[in-house]
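Here are the chains, one letter per residue:
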Amino acid sequence: LAACGRVRAPRRAQKTAVALGDSLTLGRLLLYEAGRDDEARAAMREAIASLAGNVGALAVLLLTAAHAVAKRGDGVTAARLCGAIDKIRERTSVGATPLDVLGVPQPEADARRLLGDEVFERESAAGRALTVEEATALALGS
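Each chain carries its own residue numbering, running from 1 in the written order of its sequence. Reporting of local features is limited, given that this is a predicted model, to residues whose pLDDT is at least 70; pairs of side-chain atoms are given and counted only at 80 or more, and all residues count toward the totals for whole chains, interfaces and linings. Side-chain metrics rest on all non-hydrogen atoms present in the structure, leaving aside hydrogens and water.

Chemist: Residue-level account of the packing of helix H3 (residues 37–50) against helix H9 (residues 132–140), with values.
Modeler: Running from N to C, H3 and H9 point in directions that differ by 160°, and their axes come no closer than 10 Å. Viewed along their axes, H3 and H9 adopt a mutual orientation that is roughly antiparallel. Here H3 and H9 pass one another in a crossing that is left-handed. Residues Met 44, Arg 45 and Ile 48 of H3 pack against Thr 136, Ala 139 and Leu 140 of H9. Split into classes, the residues belonging to the contact of H3 with H9 amount to 4 nonpolar, 1 polar and 1 charged. Axes, fitted as lines to C-alpha atoms, cover a helix only where it is in contact. Angles between the N-to-C directions of the axes lie from 0 to 180 degrees. Each helix corresponds to a stretch of at least 4 residues labelled H or I by DSSP, and each strand to a stretch of at least 2 residues labelled E; elements are numbered beginning at the N terminus. In these notes the angle categories are as follows: under 35 degrees is roughly parallel, over 145 is roughly antiparallel, 65 to 115 is roughly perpendicular, and the rest is oblique. Each crossing is labelled by how the near helix is turned from the far one, with a counterclockwise turn of less than a right angle marking it left-handed and a clockwise turn marking it right-handed. In what follows, a contact means two residues having at least one pair of non-hydrogen atoms within 4.5 Å. Each residue is assigned to one of three groups, with Ala, Val, Leu, Ile, Met, Phe, Trp, Tyr, Cys and Pro labelled nonpolar, Asp, Glu, Lys and Arg labelled charged, and all others, Gly among them, labelled polar.

Right under this line is the structure:
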């Protein structure tokens, strides 16, 4: 978390949107893990602004939101975000995510455990119907 904080200022100064967005995305995940929800939401808002138009990077950011809401027990929102992420991933090439790198369980598994397969599939399908903007708004509300 400290390392993420140290790289943000130089990346802001360089106007390197994707690099800043990546730092903020990872920082958001770590802030949620540390229980610092307000700071995590602020990092998410800044990351969304930084990543405007970069749908692949937004998918990774949405993945951190899905993880956070699943961890809090909100399987419905997590499943919808997972559906939206799957739809985005079909259109883009998203490589390793902060969750993959850190070995954090994927939110789909947590959401399935919370909801059961049938409800997860229904909510995930509802998430696939969301636009990127709607999915982002859903994540911001979480």
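Here the narrative resumes.
Chemist: Lay out the nonpolar core in plain terms, naming residues and giving numbers.
Modeler: Only buried residues count toward a nonpolar core. Its members are Ala, Val, Leu, Ile, Met, Phe, Trp, Tyr and Cys residues joined through side-chain atoms within 4.5 Å. Think of it in three bands: with a 1.4 Å probe and only protein chains considered, a residue is buried below 20% of the maximum accessible area for its type, exposed above 50%, and partly exposed in between. Ranked by internal contacts, the top residues of the largest apolar core, which has 32 residues, are Met 44, Leu 58, Leu 61, Leu 62, Leu 81 and Ala 139. Elements supplying a minimum of two residues to this core: helix H2 (17–33), H3, helix H4 (55–71), helix H5 (75–91) and H9. Element by element, the count of residues in this core is highest for H4, at 11 residues. Leu 81 has contacts with Leu 62, Ala 65, Ala 66, Val 69, Ala 135, Leu 138 and Ala 139, leaving out every residue within four places of it along the chain.

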